[in-house]
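# Per-entry structural report
This is what each chain is made of:
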Amino acid sequence: MTTERIDWISRPAGPLTGEITVPGDKSISHRAIMLASLADGDSRIDGFLEGEDTRATAAIFAKMGVRIDSPSPSRRIVHGVGLHGLAAPDGVLDCGNAGTGMRLLAGLLAGQAFDTTLTGDASLRKRPMRRVIEPLSAMGARIDAEPGGLPPLHIHGRSNLHGVDYELPVASAQVKSAVLLAGLYADGETVVREPHPTRDYTERMLAAFGWPIGFEPGRARLPGGHRLRATDIVVPADFSSAAFFLVAASIIPGSHLLLRAVGLNPRRTGLLDALRLMGADIREHDTREQGGERVADLEVRHAPLHGIEVPVELVPDMIDEFPILFVAAAAARGTTTVRGAAELRVKESDRIAMMATGLAALGVRIAETPDGAIIEGGRIGGGEVDSATDHRIAMSFVVAAAIADAPVRIHDCANVATSFPGFAELARACGLDVEAAE
Ligand code: S3P
């Protein structure tokens, strides 16, 4: 979404100390806006992520006639219009950088009485959408895409949707959610089965909004013909944003950091398991329920890490954390092997290629494989790396630079604001040395 070019310089720094709170969860913030918009009545969202991705989703619903008030930062009052209350928007709907926004909206918009077009930035326009077009078409949706199943997506309204029993070919919460959201408008029952359980926020939130959905890990069953009732949502801090600080404090000698109220949904915390296998010292305190999600304060101290074979079964539970895991591996003693993670090639960038190229430019020995990489831990040097406008690649190299032996210039960091507004300020506040380049 962001078009300006900002490079960052990150310098050797640390230790990391203090107490921080990272911004709200991106996945939950997107879904909260969507379901609150379609509910009967007013919903309040606390802890909403003020990132470009989630604000793009809110702007899309505003364009379809939903009044969304922002009484203070990270708070939204959504005046729901009911399941059939959205109005035809004027012009195309821009999802910015957000794959979650576009894929979930594709399902939801397939059930409307009007046509829509979904587009996004240059990165999003390269991301595969056939994975949602196929199951939605099986439900009766009519969606046109560019050759190769790429955005923009032209979604025809007035389709008679019917329930399906769909087995996902790849573990994807976005595809599962697209099908379930179309299911709100379908006749009959919609069933989704997953090869490996993925984050279940859509299911949990539909239940919180009063839709009688049945779900268990790996399967969801949604009956048609109900309504959503407004409710209040509390969004926990995003584990994927916390991840950069968990790794930074683990690898920078002398660090001792507390991250407050981090969401610990088990389908998100694979990186915690992987880091602990590598020898990290991360403790959970005051574990509690907040808005139906498990949250805890995470205390992390520097610890010498060693390389591991990342268990393949952890991959879906840490799918967004591989860029920063690669940095932990580069800082560890010995070899780390990642397999079964080919999905990384179709995220905001080809994350295997971008991390391999960048780490190699900093002198790390890393070999790409089709579905992962083999990383030899050791010395990290200074230099220049490209983020390919991918927020998580940019933040990962900020952390790598902290233990490098010279500064690192990171190209195209503006998109960090898609998921983690204020990252550089927060990083500086607890001991990193990162700033915009001249
Ligand atoms: C998300 C699901 C994941 C993840 C993305 C957010 C979601 O994508 O990578 O950042 O909110 O459902 P996939 O489900 O496509 O793996």
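It should be emphasised that the depicted structure is a prediction, and the values quoted were computed from it without experimental measurement. (Residues numbered from 1 in each chain as written. Predicted model: local features only at pLDDT ≥ 70, side-chain atom pairs only at ≥ 80, totals over all residues. Heavy atoms only, no water.)

Here we take up the sheet that holds strand β23 (residues 433-436). The mixed open sheet is built from four strands, whose spatial order is β21-β22-β1-β23. Only two strands of the sheet have a single partner each, and these edge strands are β21 (383-386) and β23. Mean inter-strand twist for the sheet, computed between neighbouring axes without regard to direction, equals 20 degrees. Sheet analysis places β21 next to strand β22 (residues 408-411), joined by four bridges and oriented parallel. Opposite D386, over in β22, you have H411 as the bridge partner. On the sheet, helix α11 (residues 391-402) packs against β1 (8-11), β21, β22 and β23 and is oriented at approximately 30 degrees with respect to β1. (Pairing = 2+ DSSP bridges. Helix = DSSP H or I, 4+ residues; strand = E, 2+ residues; numbered from the N terminus. Axes fitted to C-alpha atoms, helices over the stretch in contact; angles between N-to-C directions. Contact = heavy atoms within 4.5 Å.)

On the secondary structure map, A360 appears in helix α10 (residues 351-361). A relative accessible area of 42% means that A360 is categorised as partly exposed. (Buried < 20%, exposed > 50% of the residue type's maximum accessible area, 1.4 Å probe, protein only.)

This paragraph deals with the sheet that holds strand β4 (residues 67-69). Ordered by their spatial adjacency, four strands build an open sheet running β4-β5-β3-β14, and the pairing between neighbours is mixed. Strands with a single pairing partner mark the edges of an open sheet, and in this sheet they are β4 and β14 (233-234). Note that strand β3 (residues 40-46) and strand β5 (residues 75-81) share seven bridges and pair antiparallel. Paired with D42 across the strands is H79, a residue of β5. This element, helix α1 (residues 26-38), spans β3, β4, β5 and β14 of the sheet and lies at about 35 degrees to β5.

Here we come to the pairing of strand β19 (residues 365-369). Of the pairings in the sheet, the one linking β19 to strand β20 (residues 372-376) comprises five bridges and is antiparallel in character. Its bridge partner lying in β20, R365 is registered against E376. Remark: two residues form the turn of the hairpin made by β19 and β20, two consecutive strands paired antiparallel.

Turning next to helix α3 (residues 99-110). The first and last C-alpha atoms of α3 sit 17 Å apart over 12 residues, in line with the 16 Å expected at 1.5 Å per residue. With 12 of 12 residues buried, α3 lies mostly within the body of the structure. Among the residues of α3, those classed as buried are G99, T100, G101, M102, R103, L104, L105, A106, G107, L108, L109 and A110. (Expected span 1.5 Å × (residues − 1).)

The next point concerns the domain arrangement of the chain. By the assigned domains, the chain splits into domain 1 (8-24 + 236-436) and domain 2 (26-234). Between domain 1 and domain 2, the contact holds 28 residues from the first and 24 residues from the second. Approximately 2,200 Å² of surface area, both sides summed, lies buried where domain 1 meets domain 2, with 47% of it carried by carbon and sulfur atoms. It is R267, E348 and T418 in domain 1 that bury the most area against domain 2; as a group they hold 24% of the surface buried on that side. Elements represented by at least two residues in the side of domain 1 that touches domain 2 include exactly α11 and α12 (416-419). For the side of domain 1 that touches domain 2, the leading source of residues is α12, giving three residues. Here the side of domain 1 that touches domain 2 is composed, by residue class, of seven nonpolar, 10 polar and 11 charged. (Domains from an automatic or database assignment. Buried area = accessible area lost by both parts, 1.4 Å probe. Nonpolar A, V, L, I, M, F, W, Y, C, P; charged D, E, K, R; others polar.)

Take the site of the ligand next. With respect to spatial proximity, the complete set of residues near the ligand consists of K26, S27, R31, T100, S172, A173, Q174, R199, I319, D320 and K347. Within the side chain of S27, an N or O atom sits 2.6 Å from an oxygen atom of the ligand. Between the ligand and Q174 there is a distance of 3.0 Å, counted from an oxygen atom to a backbone nitrogen or oxygen. Contact with the protein chains covers 95% of the free accessible surface of the ligand, which is 380 Å². Elements with a minimum of two residues in the shell around the ligand: α1 and α5 (173-183). Tallying contributions element by element places α1 first for the shell around the ligand, with three residues. In terms of residue class, the shell around the ligand is built from two nonpolar, four polar and five charged. (Near = heavy atom within 4 Å. Polar contact = N/O pair within 3.5 Å; in protein donor to acceptor, adjacent residues only side chain to side chain. Areas by Shrake-Rupley, 256 points an atom, 1.4 Å probe, with all protein chains shown as cover.)

The topology assignment puts E348 in the loop between β18 (335-338) and α10. Leaving out residues up to four positions away in the same chain, E348 has contacts with K26, N97, S123, R127, D390 and H391.

Right, let's talk about α1 for a bit. The end-to-end C-alpha distance of α1 is 19 Å, a good match for the 18 Å that 13 residues give at a rise of 1.5 Å each. Here α1 lies mainly inside the structure; 13 of its 13 residues are buried. Sitting at the amino-terminal end of α1 is D25, which places a side-chain oxygen 2.9 Å from the backbone nitrogen of S27.

This part is about the nonpolar core. F245, L259, L325, F326 and F423 are the most contacted members of the largest nonpolar core, which has 83 residues in total. With 10 residues, helix α7 (residues 239-251) is the largest single contributor of residues to this core. If we skip the residues at most four places from it in the chain, F423 touches W8, F244, F245, M395, V398 and V416. Core analysis: the next-biggest nonpolar cluster, separate from the first, contains 65 residues, A106, L180, A186 and M205 among them. (Core = buried A, V, L, I, M, F, W, Y, C linked by side-chain atoms within 4.5 Å.)

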